[in-house]
Number of protein chains: 2
Amino acid sequence: MTIKVGIVGYGNLGRGVELALAQNPDMQLCAVFSRRDPAGVKLLNAAVPVVPFAQVQEWKDKLDVLVLCGGSATDLPTQTPQLAQYFNVVDSFDTHAHIPAHFDAVDAAARAGKKTGMISVGWDPGLFSLNRLYAQAVLPQGKQYTFWGKGISQGHSDAIRRIPGVKDAKQYTIPVPAALDSVRGGENPALSTRQKHTRECFVVLKEGADAAEVERQIKTMPNYFSDYDTTVHFISQQELNEKHSGMPHGGFVFASAATGKEGEHKQLIEYNLKLDSNPEFTASVLVAYARAAVRLNAEGQYGCKTVFDVPPAYLSAKDGASLRKELL
Amino acid sequence: MTIKVGIVGYGNLGRGVELALAQNPDMQLCAVFSRRDPAGVKLLNAAVPVVPFAQVQEWKDKLDVLVLCGGSATDLPTQTPQLAQYFNVVDSFDTHAHIPAHFDAVDAAARAGKKTGMISVGWDPGLFSLNRLYAQAVLPQGKQYTFWGKGISQGHSDAIRRIPGVKDAKQYTIPVPAALDSVRGGENPALSTRQKHTRECFVVLKEGADAAEVERQIKTMPNYFSDYDTTVHFISQQELNEKHSGMPHGGFVFASAATGKEGEHKQLIEYNLKLDSNPEFTASVLVAYARAAVRLNAEGQYGCKTVFDVPPAYLSAKDGASLRKELL
């Protein structure tokens, strides 16, 4: 039986979900909901209807699950609880400090509607979180490290663009190679913020802007840049478009521990991602968990769930016997 | 409430479980069961009783879970189903072709006794299987690769020791660096057995043995060596003991896929392990799944389970809210 899916929001992530669904023959995209004028939203598959977001409730008996592709700052905190009353939903909410409140809001709404709401799905939070959990469960006395990059940070790029005199900008987060080597070598280093990542900025100036002042403002910006070794390159809009328009990302999760009577045996777990397209990969994770949300709901597992609550087999279109035969 | 654990079989793996339990304050080792004379079994913690295996059933109301540390060839096929009638159990059964039959036998026994039996727990099968499943669910059109090593293969070492004229031997399985590089580079290569791994053998000869003939027999041994580039070193027993008495292992699971409208974006997932002690790491995984088996059983989830069936949160001693706060 095909799983009927709706997408809410059609930006880079929503488009990634459309692409990912096309790689999963057991799932079908039935509608895209948008707050924009539907005439202006061009899907890859023109046969799928684009529906005004205001009409989403009319689809509540026509869809098995909604994949929510809005942003964590303003869209998801209201959309996910609102929609979880009527639909099984999956979102990629990634504002870490607000996850407990988001969980509670989605849990109450989903329980009231006997629906299943999966939150904070993607790679971090998501697959990276899973790797931190598995590693900590297996090596409870170990030390864990997460590195991000090399990749484009949307939030840091936006922060640069808000500086007066800046026309456009992209920011790469880059793990420090010496820090990676030290962790891989089992040295269990204590690493400061500065020792873990560097930041590299490609900036297009407006005409007449003061380059030195822009660079100073970037490098001294609290939280975003002041705790990091930051490099600033001024380039043309053409070069930015040609060389920095992709959305690559990735990163590393390490767990390092000692076992044995005297702690004489080092054990190292490494998980890493190298992604040419961050939104398309995140979308692929969302789609796998959309399948799981439908299954959990069919079993009566209502309320809010995260990746920690989902038996891995629920993510796959294959049955248990096939999974044991092919992958165990 | 402390989880009361018994260990069946006290070799390298059983000893590893004793060590791992000491790193998990919510669990307590209550007894070790052995077919050997208990007087000859020396635990790290002498306060824990060593009990003849024949008396294991008398402990059925005193333990929450048994960790079975016998071998897959002869011990586990009978022990796991036998004990799963009376106890929650976890084993590391790793004879891949026989997993379906083992699953069925354990499932029937555990259901009859309202117990939970976790099979094929460790790193392969185990954590590697999980990574294959997660990667395939997220990137269903991708290609997957598993490499093992560098590490000691017990089965291959044993095979060499059975050759006439061989006194002792250790065999290392080694991934081919060029193959790893090609997969990491997203080239999606088709790799033959020979292109994926090499085998390096350290052999101690009996006095008067014919080195050339031993080397020929190793290199032409079907299944074990004939499909691989194999190197044979003859060394003294002293050198073998000094340099090759550890039990290191590890390996890599890769998933490589293309996403995007034209498949223009490469996405690469890598999971790798570098283990100084294979049995101690496997034991650490067994202990985390012993905790999960007890929880599944308390919920009424009877029968045989694998790593694919266990929600990750069940592996941790922490509650859901703590996990979401600390690891999500």
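Keep in mind it's a predicted model, so treat the numbers as computed, not measured. (Residues numbered from 1 in each chain as written. Chains lettered and ligands numbered in written order. Predicted model: local features only at pLDDT ≥ 70, side-chain atom pairs only at ≥ 80, totals over all residues. Heavy atoms only, no water.)

Moving on to the relation of the copies chain B and chain A. Taken as rigid bodies, chain B and chain A are interconverted by a rotation of 180 degrees and an axial shift of 0.0 Å, the fit giving an RMSD of 0.0 Å. The transformation just described matches what one would write down for a two-fold rotation axis. A high fraction, 100%, of the interface residues of chain B reappear at the interface in chain A, so the copies pair face to face through one surface. (Least-squares fit on C-alpha atoms with pLDDT ≥ 70 in both. Contact = heavy atoms within 4.5 Å.)

For chain A, the mean per-residue pLDDT works out to 97, and 100% of the residues sit at or above 70. The complex model carries a pTM of 0.97, and its ipTM stands at 0.97. (pLDDT = per-residue confidence, 0-100.)

Right, let's talk about the packing of helix H4 (residues 127-138) of chain A against helix H10 (residues 278-298) of chain B for a bit. With their axes 8 Å apart at the nearest point, H4(A) and H10(B) run at an angle of 105 degrees to one another. Relative to H10(B), H4(A) is oriented roughly perpendicular. Every residue of H10(B) that contacts H4(A) at Tyr134(A), Ala137(A) and Val138(A) is listed here: Phe281(B), Ser284(B), Val285(B), Ala288(B), Tyr289(B) and Arg291(B). In the contact of H4(A) with H10(B), the residues fall into 7 nonpolar, 1 polar and 1 charged. (Axes fitted to C-alpha atoms, helices over the stretch in contact; angles between N-to-C directions. Helix = DSSP H or I, 4+ residues; strand = E, 2+ residues; numbered from the N terminus. Parallel < 35°, antiparallel > 145°, perpendicular 65-115°, else oblique. Nonpolar A, V, L, I, M, F, W, Y, C, P; charged D, E, K, R; others polar.)

It is worth spelling out the pattern of salt bridges at this point. The full count for this structure, using the stated rule, is 26 salt bridges over all chains. Asp168(A) is the salt-bridge partner of Arg161(A), the closest N and O atoms lying 3.1 Å from each other. Judged by its relative accessible area of 17%, Asp168(A) is buried. Notably, a salt bridge pairs Glu215(B) with Lys219(B), separated by 2.9 Å at the nearest N-O pair. Of this pair, Glu215(B) and Lys219(B) both sit in helix H8 (residues 211-219), 4 residues apart, which is roughly one turn of that helix. (Salt bridge = Lys/Arg side-chain N within 4 Å of Asp/Glu carboxyl O. Buried < 20%, exposed > 50% of the residue type's maximum accessible area, 1.4 Å probe, protein only.)

Running from N to C, H4(A) and helix H4 (residues 127-138) of chain B point in directions that differ by 170 degrees, and their axes come no closer than 13 Å. Classed by the angle they form, the pair H4(A) and H4(B) counts as roughly antiparallel. In this structure, H4(A) uses Leu127(A), Leu130(A), Asn131(A), Tyr134(A) and Val138(A) to contact H4(B), whose residues at the interface are Leu127(B), Leu130(B), Asn131(B), Tyr134(B) and Val138(B).

A few words on the pairing of strand E9 (residues 166-175) of chain B. Residues and elements named next belong to chain B. Extensive coverage of E9 is indicated by the burial of 9 of its 10 residues. Of the strand pairs in this sheet, strand E8 (residues 151-152) and E9 are connected by 2 bridges, and their pairing is antiparallel. Residue Gly-151 lies in a different strand from E9, and its bridge partner there is Thr-173. For E9 and strand E10 (residues 197-205), the ladder comprises 9 bridges, and the chain directions are antiparallel. In the sheet register, Ile-174 faces E10, and the bridge partner there is Thr-198. (Pairing = 2+ DSSP bridges.)

Moving on to the interface of chain B and chain A. Of the residues lining the interface, 68 residues belong to chain B; the matching set on chain A comes to 68 residues. Both sides of the chain B and chain A interface together cover about 6000 Å² of buried area, and 60% of this is carbon and sulfur. The tally of links from chain B across to chain A stands at 0 salt bridges. There are 31 residue pairs in polar contact (both at pLDDT 80 or more) connecting chain B and chain A. Listing elements by their share of the side of chain B that touches chain A, those giving two or more residues are helix H1 (12-21), helix H3 (99-112), H4, strand E12 (249-259), strand E13 (265-275), H10 and helix H11 (320-326) of chain B. Looking at the side of chain B that touches chain A, the element that brings in the most residues is E13(B), giving 11 residues. Bridging between strand E13 (residues 265-275) of chain A and E13(B) involves 9 bridges; their strand directions are antiparallel. Bridging across to E13(B), Gln267(A) finds its partner in Leu275(B). (Buried area = accessible area lost by both parts, 1.4 Å probe. Polar contact = N/O pair within 3.5 Å; in protein donor to acceptor, adjacent residues only side chain to side chain.)

Turning to the sheet that holds E10(B), a few remarks are in order. Residues and elements named next belong to chain B. Across the sheet, which stays open at both edges, the 4 strands sit in the order E8-E9-E10-E11 with mixed pairing between neighbours. Only two strands of the sheet have a single partner each, and these edge strands are E8 and strand E11 (229-234). On the sheet, H8 packs against E9, E10 and E11 and is oriented at approximately 150 degrees with respect to E11.

A separate point is the packing of aromatic side chains. Residue and element names in this part refer to chain A. Per the counting criterion, the structure on display carries 13 aromatic pairs over all chains. Ring geometry for Phe-128 against Tyr-271: centres 6.0 Å apart, planes inclined by 80 degrees, an arrangement best described as edge-to-face. With a gap of 143 residues between them, Phe-128 in helix H4 and Tyr-271 in strand E13 connect regions that are remote in the sequence. Judged by its relative accessible area of 0%, Phe-128 is buried. The exposure class of Tyr-271 is buried, given its relative accessible area of 4%. Centroid distance Phe-252 to Phe-254: 6.0 Å. Interplanar angle 5 degrees. Geometry classified as stacked. Given the relative accessible area of 11%, Phe-252 is considered buried. (Phe/Tyr/Trp six-rings, centres within 6.5 Å; stacked < 30°, edge-to-face > 60°.)

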